[in-house]
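# Secondary and tertiary structure notes
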Amino acid sequence: MKRRIVITGMGSVTPLGLSVEETWRNLLAGKSGIRPIEIFEASTFPTTFAAQVREFDLGRYVRDVSVFEKAGRNVRFAMAAGRMAIDDAKLAPGTYDPERTGIYLGSGEGVLDFFTLCESIAHGIGPDGKVSAAKFAEMGYTRYNGMTELEQEPNMPANHLAAEYGIAGPTFSCLTACAASTQALGEALDLIRTDRADTVLAGGTHSMIHPLGVTGFNLLTAISVAHKDEPWRASRPFDRDRAGFVLGEGSTLMVLEELGHAQARGARIWAELTGFGSSADAYRMTDIHPEGRGPSVAMRMALADAGVGPEQIDYISAHGTGTLENDKVETLSVKLVFGPRAYQVPISSVKSTLGHLIAAAGATELMTCVMAIRDQVLPPTMNLENPDPECDLDYVPNAARKAKVEVCLSNSFGFGGQNDALVVRRFVP
Amino acid sequence: MRWIWIDKFIEFESGRRAVSIKNVTLAEEHVHDHFPGYPMHPATLMIEGMAQTGGVLVGEAFDFREKVVLAKVTRARFYCHVLPGDQIRFEANVMGEVRPEGASIEGKITRNGELVAEISMMYAHLDQSRAPLELGDENFVFNEDFIRMLRMRQLNQLKPSAQAARDVKVPLRRRIVITGLGVLTPAGNSASALAEAVRTGRSAVTAVSRFDAGPFPSRVAGEIREFDATAGIRKDQARYVKKMAKVMAVDIQLAVAAANLAILDTGLPLGDAKANEPVLPTIDHARLGMVFGTSFIPTELDDLAEPARASFVDGKFSLKGWGSGGIPKMFPLWLLKYLPNMHACHTGILWDAQGPSNSLTTNEAGGLLALDECARIIKRGWADWMLAGGAESRISPVLMMRYNLVGRLTTCNDDPPTACRPFDVTRTGQVAGEGAAVIVLEAREAAEKRGARIYGEVLGTGAGQTTAGINAVDADGRAVAVAVRQALAMAGVQPAALGAIVAHGTAFTPQDRSESAGLVAALGPAARKVPVTATKGVTGNMGAASGLADLAAALLFLKDGQVPPIVNCTHPDTEAGLNFVSGKPVALTSDLVLVTANAIGGQAAAVVVKLNR
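Being a predicted model, the structure only gives us computed values, none of them experimental.

Bringing the overall build of chain A into the picture now. Looking only at helices and strands, chain A features 13 helices and 14 strands. On C-alpha atoms alone, chain A measures out to a radius of gyration of 21 Å, which is about the 22 Å that the 2.2 N^0.38 rule sets for 429 residues. Residues counted as buried form 69% of the 429 residues belonging to chain A. Contacts in chain A between residues far apart in sequence, at least 24 positions, make up 79% of those at least 6 positions apart. Summed over all atoms, the accessible surface of chain A reaches about 12500 Å², with 53% contributed by carbon and sulfur.

This is the structure in structure tokens:
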């Protein structure tokens, strides 16, 4: 028999709240987390708004805040989500074997010392317009802080979590763009199925709301520059007038646990994670395969892995970024997999109010699936005002909806062609 | 003709019930002999079809570990003829349950609901303990075709019925072999170049030449002077690489080049681009995937030069200035040049690899952890070929500044070839290096079937994590110990049975000591015996490329039965409690080799391989 893996703890920090419950409440209410950027001076950037985590106090979640002095927002959010997930799972020290406990995060970079970088580079520019490394270093050495630099490395959230909780088992950190935390949860599932660990703290954490992040996405014209004055209207998945995604930030972590291990310690079980699928487009660096080749394979694999057919899926949490191409191709892919039933399965994108949490998006969306199963209600796709003829599914427009929800599919597709999907279902002993 | 008398499974309930179908056609030669003038599907072959349907059902119940053979046909009764154009349906039900010694099934064959035959049979599990020599370890009964047939049932159906889609397991015990190596290091652009440099003790570390490192405390590095990411590949592929080079940071170019070398090394034939053939026509591209160990690549300074300069307002850099003056001066695809998943993205496009694709950012453990994940992906039946890769360049002003500031790099710049001294009492720190290594993993059966050259077999992998803090190492080496214990346990190998260890050995004292302590903890008394070697005296620290480059080189430098000495380790740290090879090679006493890698404050990884000599 396949080992069964259940979710026994969840923690989350998002632009819509500092806990799973708060985020979920606000999602159902259709509140938007998108507002003008306050983290840095972005008034002259093409995009001036984002979905930011607010009123966040790291001190509530860690033993010693001084350890995190140079840490980036990714680490800070992960520490909070980790604390909440571990408390929620009642994983007290002594109830788990540290060497049989792992971590698998989809996590992004830490804080970049952008001023020092740019000033040192400018200092190093020679008459030929090229930067002299020696002159760059001359200024850089007096300005840079080694720990700030180290904290940029994307495995730092995992390393901090391991140090905080003494986790010594298999630990991975991946960065497959927007698919990262779905992939992390899926591979964490495999770590437990193959008996490499009993428990894995898995999910994602990321903030690209920093000058180079916004710059990079603006240059690619991937993020919306529309609705500057009403930024909450900027994220419009599946709408005819969608014009790109809106950057978000945050972290969602889950405690995945082998069923027997969870039952033996009397853990409360949120849901069962039953299926994972993963594929690559292998098509183009910047474009998604127009026929949905990769996404449909990932969804089918996840269904097969979970042992369910399309007719058993009650809800799809869409990748639904709000870019022209993604929403069209995702719609097409769902039709490929679900056939005529595609029109009957509700599918919605929480990115409409949460923004795009990039490496943390997939885990946060899986969390909303778990909550949908608990409360028998679906979160809406907000801002879906003008239907697009090419996006003609039931996107749960503009208002939460009561529904029977037993089994959910959650999609994530990454820039660069990674496609991942998870199936989560109500736990039935 | 192939001995497969069913076409596909349409229903499968583990340990209980299987349903398969077969289409009988005039294209099959046997019907013309049976009988000339009246072609019909022989009843004996229907017995075989039933035996295969039930046999896979019985075999799957024990994850295909048992060799299942037909022991008895208890009953067979035929009611009508099966003719070309007919589709027949085999239904096998296990009577009772599958027991350790075997199982019985009751079967019936139907055509459009009409009963064709009733067949009952009994299967036996061959007693492996009594005849290991005659039978070998390999399960010859269930070849790839049957396992694939089961998997296809999972993946290809658009609308599986709830019943049919229930829990089909793929054998956990697929064996994984290494069939391709692609390595670029400061020692040269092949695995054998690194192997040769290690064997002859020739360091490739020099003074930094890529940029003026004058003010840096550490001014030595292992640099790759030149490489060609288009060597040997098809013209259309080469065009892609050349076109994309400007949006690939050096890490990504190295990764692509190593992946190309590795795939070419497998001997899989390339298709004809002019005839519009797939790039690898003999494989299923949906079942080719990859996992790369990568890093967060720092921007090249020149890319930000103009934008930074344009952002100064009143002599000071300002974000307002960046937004209005800097951003318009950036080149549009800037972000994509540095993303850590672009190694896999470009490699995937070049080779049309549509299987799972992941990018691990676990620093120096990245390459070996990638191999760990790749092996599991093949074992769970998601791919037949996986590229395990690692690539990183640490020869950048930003990274050398970072690792200088946290005190990891050597400041002994006078004699570059001896600057990196792993496990030597006079070691002074790491040397920045760069490289890429890609290893092709393949299911053993498939590799043997196509007559591939097999470098070795992956027996076990392990992973552990540092708990001491992000810029510290476990004093007791626990992260390394956890990884090594797991890898040995999965491999079923006792520490004393190891022939050699290729350690990470960066020559940064705390890291070397922690690694040594971890090895001693995991190996116990055997730690004093098994010879330990290391390669970084040749290359410096190649980051995510480290572990896989070591593994690839070891598969070659151990071939002649000698464990080469650690380059620059003339006075081994005797307090470590390990048998460091110093000065001259020692004999390799077994083909079982352990390779490890670890990151300060982070992940540790280990792999146990069996050399194929």
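Next, the rest of the story.
So, about the interface of chain A and chain B. Between chain A and chain B, the contact holds 100 residues from the first and 96 residues from the second. Taking both partners together, chain A and chain B bury about 8400 Å²; carbon and sulfur atoms supply 66% of that area. It is A:Tyr141, A:Arg196 and A:Met285 in chain A that bury the most area against chain B; as a group they hold 10% of the surface buried on that side. At the boundary of chain A and chain B, one finds ten salt bridges. In this structure, the salt-bridge partner of A:Asp190 is B:Arg380, at a minimum N-O distance of 3.1 Å. The interface formed by chain A and chain B contains 31 residue pairs in polar contact (both at pLDDT 80 or more).

Okay, the confidence of the model for chain B next. When pLDDT is averaged along chain B, the result is 92; 95% of the residues meet or exceed 70. Contacts of residues 155-172 of chain B to residues separated by more than four positions or lying in other chains number 60 contacts, the stretch itself having pLDDT below 50.

What follows covers the pairing of strand S2 (residues 17-23) of chain B. Residues and elements named next belong to chain B. Within S2, six of the seven residues are buried, which leaves the element mostly enclosed by the surrounding structure. With five bridges joining them, strand S1 (residues 8-13) and S2 adopt antiparallel strand pairing. Its bridge partner lying in S2, Lys8 is registered against Ile21. With antiparallel pairing between neighbouring strands as the criterion, S1 and S2 make up a hairpin whose turn holds three residues, including Gly15 at a positive phi of roughly 75°.

With that out of the way, let us pick up the packing of aromatic side chains. Aromatic ring pairs: the centre-centre distance and the angle between the two ring planes describe each pair. Considering all chains together, one arrives at 19 aromatic pairs over all chains under this definition. Look at A:Phe217 and A:Phe245: their rings are 5.2 Å apart centre to centre, the planes differ by 75°, and that puts the pair in the edge-to-face class. Separated by 28 residues along the polypeptide, A:Phe217 in helix H8 (residues 211-219) and A:Phe245 in the loop between H8 and strand S7 (249-258) bring together distant segments of the chain. The lysine or arginine in question, B:Arg380, covers the ring of B:Trp382, its NZ or CZ lying 4.1 Å from the ring centre.

This part is about the domain arrangement of chain A. Along its sequence, chain A is carved into domain 1 (5-111 + 151-425) and domain 2 (114-147). Relative to domain 2 of chain A, the C-alpha centre of domain 1 of chain A lies at a distance of 37 Å.

Right, let's get into the sheet that holds strand S4 (residues 87-99) of chain B. All names here are of chain B. Reading across the sheet, the six strands line up as S1-S2-S4-S5-S6-S3 and stay open at both edges, with antiparallel pairing between neighbours. Each of the sheet's edge strands pairs with one partner strand only, and the pair in question is S1 and strand S3 (68-78). Direction aside, neighbouring strands of the sheet carry axes that sit 20° apart on average.

This brings us to unusual backbone geometry. Residue and element names in this part refer to chain B. The residue after His34, namely Phe35, is reached through a cis peptide bond having omega 5°. Looking at the secondary structure, you find Phe35 in the loop between helix H1 (30-33) and helix H2 (43-61). Positive phi is not limited to glycine here, since Ala507 has a value of about 80°. For Ala507, the location among the structural elements is in the loop between strand S17 (500-502) and helix H15 (509-523). Backbone geometry places Asn568, a non-glycine residue, at a positive phi of 75°.

On the surface, B:Phe35, B:Tyr38 and B:Leu83 cluster together into a nonpolar patch covering about 260 Å² of accessible area. On the basis of relative accessibility, which here comes to 41%, the residue B:Phe35 falls in the partly exposed class.

Turning to helix H5 (residues 191-200) of chain B, a few remarks are in order. Of all the positions in H5(B), only B:Ala191, B:Ala193, B:Leu194, B:Ala195, B:Ala197 and B:Val198 are classed as buried. Following H5(B) by one or two positions, B:Gly201 adopts a phi angle in the positive range, close to 70°.

All names here are of chain B. Here strand S15 (residues 432-443) lies mainly inside the structure; twelve of its twelve residues are buried. Residues Ala432, Glu434, Ala436, Val438, Val440 and Glu442 line one face of S15 and the alternating positions Gly433, Gly435, Ala437, Ile439, Leu441 and Ala443 line the opposite face, and both faces are buried. Pairing geometry for strand S7 (residues 176-184) and S15, over eight bridges, is antiparallel. Paired with Gly180 across the two strands is Val440, which belongs to S15. Bridge analysis of strand S9 (residues 220-222) against S15 gives two bridges, and the strand direction is parallel. Bridge pairing in S15 places Ala221 opposite Ala432.

All right, on to the side chain of A:Asp314 then. All names here are of chain A. For Asp314, the location among the structural elements is in the loop between helix H10 (293-306) and strand S9 (315-317). A relative accessible area of 12% places Asp314 in the buried class. In terms of polar contacts, Asp314 uses its side chain to reach the side chain of Lys404, at 3.3 Å. Once residues lying within four places of it in the same chain are set aside, the contact partners of Asp314 are Val345, Pro346, Lys404, Val405, Glu406 and Val407.

So, about the domain arrangement of chain B. How big an interface is tends to be stated in terms of accessible area lost as the parts join. Residues and elements named next belong to chain B. Here chain B is described as being made up of domain 1 (8-156) and domain 2 (176-298 + 338-611). The centre of domain 1, based on its C-alpha atoms, is set 45 Å off from the matching centre of domain 2. Each side of the interface is counted separately: domain 1 has eight residues, and domain 2 has nine residues. Approximately 720 Å² of surface area, both sides summed, lies buried where domain 1 meets domain 2, with 34% of it carried by carbon and sulfur atoms. It is Glu138, Glu144 and Arg151 in domain 1 that bury the most area against domain 2; as a group they hold 66% of the surface buried on that side. Viewed at the interface, domain 2 and domain 1 are joined by zero salt bridges. Our enumeration of links across domain 1 and domain 2 arrives at zero residue pairs in polar contact (both at pLDDT 80 or more). Of the residues contributing to the side of domain 1 that touches domain 2, the split by class is one nonpolar, two polar and five charged.

For soluble globular proteins, the rule of thumb is that nonpolar side chains tend to be buried together. Counting 109 residues, the largest nonpolar core has A:Tyr104, A:Leu256, A:Val424, B:Ile178, B:Leu441 and B:Leu551 as the members making the most contacts within it. The residues touching A:Leu256, leaving out its near neighbours within four places in the chain, are A:Ile5, A:Val6, A:Ile7, A:Leu185, A:Ala188, A:Leu189, A:Ile192, A:Asp198, A:Thr199, A:Val200, A:Ala202 and A:Leu273. Counting residues in hydrophobic clusters, the runner-up holds 93 residues, among them A:Phe245, B:Met244, B:Ala391 and B:Ala432.

Attention now goes to the pattern of salt bridges. Overall, the coordinates contain 76 salt bridges over all chains when judged by the stated rule. For the salt bridge of A:Arg268 with A:Asp88, the shortest nitrogen-to-oxygen distance reads 2.5 Å. Highlighted residues: A:Arg268 in the loop between helix H9 (259-264) and strand S8 (271-280) and A:Asp88 in helix H2 (residues 73-88), separated in sequence by 180 residues. Taking the relative accessible area as the measure of exposure, A:Arg268 reaches 43% and is therefore partly exposed. Between B:Glu392 and B:Arg394 there is a salt bridge, with its nearest N and O atoms 3.1 Å apart. Taken together, the shared-partner salt bridges in this structure form one network comprising A:Glu187, A:Asp190, A:Arg196, B:Asp372, B:Arg376 and B:Arg380.

Looking now at the environment of B:Thr509. Residues and elements named next belong to chain B. Tracing the backbone shows Thr509 in helix H15. For Thr509, a relative accessible area of 24% puts it in the partly exposed group. Taking C-alpha positions, Thr509 is 8.5 Å from Pro422, a pair spaced 87 residues apart along the chain. Separated by 3.5 Å, the side chains of Thr509 and Arg427 make a polar contact.

All right, on to the environment of A:Gly322 then. All names here are of chain A. Checked against the element boundaries, Gly322 lands in the loop between S9 and helix H11 (324-338). On the basis of relative accessibility, which here comes to 0%, the residue Gly322 falls in the buried class. Residues Gly322 and Lys351, spaced 29 residues apart in sequence, show a C-alpha to C-alpha distance of 8.0 Å.

Conventions adopted
Residues numbered from 1 in each chain as written. Chains lettered and ligands numbered in written order. Predicted model: local features only at pLDDT ≥ 70, side-chain atom pairs only at ≥ 80, totals over all residues. Heavy atoms only, no water. Helix = DSSP H or I, 4+ residues; strand = E, 2+ residues; numbered from the N terminus. Rg over C-alpha atoms; globule rule 2.2 N^0.38 Å. Buried < 20%, exposed > 50% of the residue type's maximum accessible area, 1.4 Å probe, protein only. Contact = heavy atoms within 4.5 Å. Areas by Shrake-Rupley, 256 points an atom, 1.4 Å probe, with all protein chains shown as cover. Buried area = accessible area lost by both parts, 1.4 Å probe. Salt bridge = Lys/Arg side-chain N within 4 Å of Asp/Glu carboxyl O. Polar contact = N/O pair within 3.5 Å; in protein donor to acceptor, adjacent residues only side chain to side chain. pLDDT = per-residue confidence, 0-100. Pairing = 2+ DSSP bridges. Phe/Tyr/Trp six-rings, centres within 6.5 Å; stacked < 30°, edge-to-face > 60°. Lys NZ or Arg CZ within 6 Å of the ring centre and 35° of its normal. Domains from an automatic or database assignment. Axes fitted to C-alpha atoms, helices over the stretch in contact; angles between N-to-C directions. Patch = residues over 30% accessible without salt bridge, like charges linked within 9 Å, V, L, I, M, F, W, Y side chains within 5 Å. Nonpolar A, V, L, I, M, F, W, Y, C, P; charged D, E, K, R; others polar. Core = buried A, V, L, I, M, F, W, Y, C linked by side-chain atoms within 4.5 Å.

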